[in-house]
Amino acid sequence: MWTLYWSVTILLPPCLLMALPLPLLRPEDDRLEFAKKYLESFYRFKPNSGIRQRRMTEMDTFQDKLKEMQRFFGLQETGELTSCTLDAMRKPRCGLSDVETFEDTVKWKNKHLTYSIANSSPAVRSSKVRRAVKKAWRLWSNFTPLRFLQRQGKEADIMISFKTGDHEDNFAFDGNGGILAHAFQPGDGIGGDVHFDEEERWTMNSSGINLFAVAAHEFGHALGLPHSSDPGAIMHPAYNFVRINEFGLSYNDVQSIQKMYGVNPDVRAMSRLRLPPKTPEKCDPGLSFDAVMTMQQEMVFFKDRFMWRTHPNFDQVGITLITSLWSAVPSNIDAAYETSENTILFFKVLGSAAAGCLAWIPKGPLYVWVSQRSENN
Ligand SMILES: [Ca+2]
Ligand SMILES: [Ca+2]
Ligand SMILES: [Zn+2]
Ligand SMILES: [Zn+2]
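Since we're looking at a predicted model, the values are computed, not measured.

(A) Seen up close, the UniProt feature "active site" (unreviewed entry) in the chain. Here, the residues flagged by UniProt with the feature "active site" (unreviewed entry) are Glu 218. Here Glu 218 is to be found in helix α6 (residues 211-222).

Below is the structure:
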């Protein structure tokens, strides 16, 4: 089946080669099968199916690919299928590969691009889709000379649509969860087009899958950007939308898009924008931390919405979002502490703006967020 699909994709123009058919991830797959399919889909892992003698080689490659994935997601590069790794793999995400190289030259020649919204999903009204799409384009036009104009009908550079299952682009959707959307690099025809999985629970808030957040990411691909391993970037492949007031292009996104298209010539508009947040770097001599705690054998360092986890057995320290482990914990915490009952307390000084929490206890001048440490975290 894999070979058959290959024979189809090689007929496509080079800009579409990223749209390789993906093996569908299914919840009933066992852990190893699931991980193999994930790495096949997003890290170009090629299993040697059915050849027992090659099993060792396959597992070596599997381990290498697993490490590559772990590095990309800021996890400890164990090469083993830890529960953290599986959790990261099970997160809803973009359907494009994380190792696909995008050519800088594959970009739009025009600065004025047109888009058309072909349909809506049963979960959201079309007026809301229009609003989310417009807002997502604005994120990119704010920092670049690109301008986006909505058109009716099929005569547009970027066709936006909701699709289900196999929709004849070799890039089938997988129902609720898993892959949320995909997009094609700039070009003629299907180039630049954006497809959303119609079966997701699309919302305009943080209760399901936020359409604006996914659109913003996919539009980055439609403009020619690849995935970023920076967990703070919109171009990070995993869905991690939590708070709408913190959602915007990161420094990394802005740098990448301006490298391709230049800066917004409207200096006044640019000056009104908030500076895109930079993801902290662990070797920055000016770096300070919001909080530090021990968690079993690990030390966890917190800064803004990010954290680093150090383990005595691993030299490499990756950066991840705090919300990738504790979705309810806000940014810029003031202290964190693991109690003896496997409970972690997060403290934040009262008066700081924070929306949503798992359970908070007003305690004197502090809010305390309580989180249960799950097994193997
Ligand atoms: Ca899906
Ligand atoms: Ca197109
Ligand atoms: Zn993507
Ligand atoms: Zn598609």
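(B) Focus on the sheet that holds strand β6 (residues 194-197). Spatially, the 6 strands line up as an open sheet ordered β1-β5-β6-β4-β2-β3, and their pairing is mixed. Each edge of the open sheet carries a strand with a single partner, namely β1 (93-94) and β3 (147-150). Seen against the sheet, α6 touches β1, β4 (158-163), β5 (179-183) and β6 and runs at an angle of roughly 30 degrees to β5.

(C) Structural context of the nonpolar core. In this structure, Val 133, Ala 136, Trp 140, Val 214, Ala 215, Ala 216 and Phe 219 are the most contacted members of the largest nonpolar core, which totals 46 residues. The set of elements that each furnish at least two residues to this core consists of β2 (112-117), α5 (126-141), β4, β5, β6, α6 and α7 (251-261). By residue number, the principal contributor to this core is α6, which donates 8 residues.

(D) Summary view of unusual backbone geometry. The backbone phi angle of Asp 304 is positive, close to 50 degrees, even though this residue is not glycine. Note that Asp 304 resides in the loop between β10 (298-303) and β11 (306-310). Overall, Asp 304 belongs to the partly exposed group, with 18 C-beta atoms counted inside 10 Å. Even without being glycine, Asn 332 reaches a positive phi, approximately 50 degrees. Within the secondary structure, Asn 332 is located in the loop between β12 (319-321) and β13 (335-338).

(E) Focus on the pairing of β6. Going residue by residue along β6, you find Val 194 and Phe 196 tucked away on one face and His 195 and Asp 197 tucked away on the opposite face as well. Note: β4 against β6, 4 bridges, orientation parallel. Across the sheet, residue Phe 162 finds its bridge partner in β6, namely Phe 196. In this structure, β5 lies alongside β6, joined through 3 bridges in antiparallel fashion. Paired with Ala 183 across the two strands is Val 194, which belongs to β6.

Calculation rules
- Residues numbered from 1 in each chain as written.
- Chains lettered and ligands numbered in written order.
- Predicted model: local features only at pLDDT ≥ 70, side-chain atom pairs only at ≥ 80, totals over all residues.
- UniProt positions renumbered as here; feature names shortened; annotations may be inferred.
- Helix = DSSP H or I, 4+ residues; strand = E, 2+ residues; numbered from the N terminus.
- Pairing = 2+ DSSP bridges.
- Contact = placed C-beta atoms within 7 Å.
- Axes fitted to C-alpha atoms, helices over the stretch in contact; angles between N-to-C directions.
- Core = buried A, V, L, I, M, F, W, Y, C linked by C-beta atoms within 7 Å.
- Buried ≥ 20, exposed ≤ 12 C-beta atoms within 10 Å, placed from the backbone.

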